[in-house]
Amino acid sequence: MAGLYLTCGLCGRKQADGLLSRNAWGHMADSQHGQLQACPTCKESHSDWENKLVSAAYEGGPSAYSQGAYA
Ligand SMILES: [Zn+2]
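Numbers given to residues run from 1 along each chain, matching the order in which its sequence is written. Owing to the predicted nature of the model, reporting of local features is limited to residues with pLDDT of at least 70; listing and counting of side-chain atom pairs is limited to 80 or more, with chain, interface and lining totals taken over all residues.

A short note on the overall build of the protein
Part 1 of the reasoning: Across its full length, the protein holds four helices and four strands.
Part 2 of the reasoning: Going along the chain from the N terminus, every DSSP run of H or I of four or more residues is numbered as a helix, and every run of E of two or more is numbered as a strand. The order of helices and strands in the protein, counted from the N terminus, is β-β-α-β-β-α-α-α.
Part 3 of the reasoning: For the protein, the proportion of its 71 residues judged to be buried stands at 24%.
Part 4 of the reasoning: A pair of residues counts as a contact when their C-beta atoms, built from backbone coordinates, are separated by no more than 7 Å. Across the protein, contacts joining residues at least 24 apart in sequence account for 42% of those joining residues at least 6 apart. Residues with at least 20 neighbouring C-beta atoms inside 10 Å of their own are called buried, those with 12 or fewer are called exposed, and the rest are partly exposed, where every C-beta is derived from the backbone.

Okay, here's the thing in structure tokens:
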């Protein structure tokens, strides 16, 4: 089900879903986790945000990421 909010898989930031935010955010589909999103800030700061997003998802989400599991 499409959410009302985009949630960044890297920093946990939430933003209301909309045309503008949808275009600015990074999106990728993962077979295990479905749709994953990265906020514009994380997308900017990580050139390999897609890899980081999948790694974070497999480690249990933004909290695991911020603990540096896959820093
Ligand atoms: Zn982010």
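Notes on the nonpolar core
Part 1 of the reasoning: Structurally, a nonpolar core is described as a collection of buried Ala, Val, Leu, Ile, Met, Phe, Trp, Tyr and Cys residues joined by way of C-beta atoms within 7 Å. Counting residues in each nonpolar core, the largest one holds 12 residues, listed as L6, C8, L10, W25, L36, A38, C39, C42, W49, L53, A56 and A57.
Part 2 of the reasoning: Listing elements by their share of this core, those giving two or more residues are strand 4 (34-38) and helix 3 (49-58).
Part 3 of the reasoning: Take this core: its biggest share by element is four residues, from helix 3.
Part 4 of the reasoning: Not counting chain neighbours up to four residues away, the residues in contact with A38 comprise C8, G9, L10, W25, G26, K43, W49 and L53.

Focus on the pairing of strand 4
Part 1 of the reasoning: Pairs of strands are assigned from DSSP output, requiring at least two bridges between the strands. The pairing of strand 3 (residues 26-30) with strand 4 spans five bridges and is classified as antiparallel. Residue pairing for strand 4: H27 is matched across the bridge by Q37.
Part 2 of the reasoning: Linkage of strand 3 to strand 4, two consecutive antiparallel strands, is achieved through a turn of three residues.

Remarks on the confidence of the model for the protein
Part 1 of the reasoning: Values of pLDDT, the confidence the predictor places in each residue, fall between 0 and 100. Averaged over every residue, the pLDDT of the protein is 84; residues scoring 70 or more account for 80%.
Part 2 of the reasoning: Averaged pLDDT values for the elements of the protein fall to 53 in helix 4 (residues 62-66) and rise to 97 in helix 2 (residues 40-45).

As for the environment of A24
Part 1 of the reasoning: Within the secondary structure, A24 is located in helix 1 (residues 19-24).
Part 2 of the reasoning: As a C-alpha pair, A24 and T41 span 17 residues in sequence and 9.6 Å in three-dimensional space.

Notes on helix 3
Part 1 of the reasoning: Inspection of helix 3 places W49, L53, A56 and A57 among the buried residues, and these make up the whole buried set. Down the axis, helix 3 shows its buried residues gathered within 100 degrees of arc, on one side only.
Part 2 of the reasoning: Directly beyond the C-terminal end of helix 3, a positive phi value near 105 degrees is found at G60. By definition, the arc is the one covered by directions from the helix axis to the C-beta atoms.

A few points about the environment of Y58
Part 1 of the reasoning: Take Y58: it is sitting in helix 3.
Part 2 of the reasoning: Residue classification places Y58 among the partly exposed positions, given that 14 C-beta atoms sit within 10 Å.
Part 3 of the reasoning: Each C-alpha atom, one on Y58 and one on H33, is 8.4 Å from the other, the two residues being 25 residues apart in sequence.

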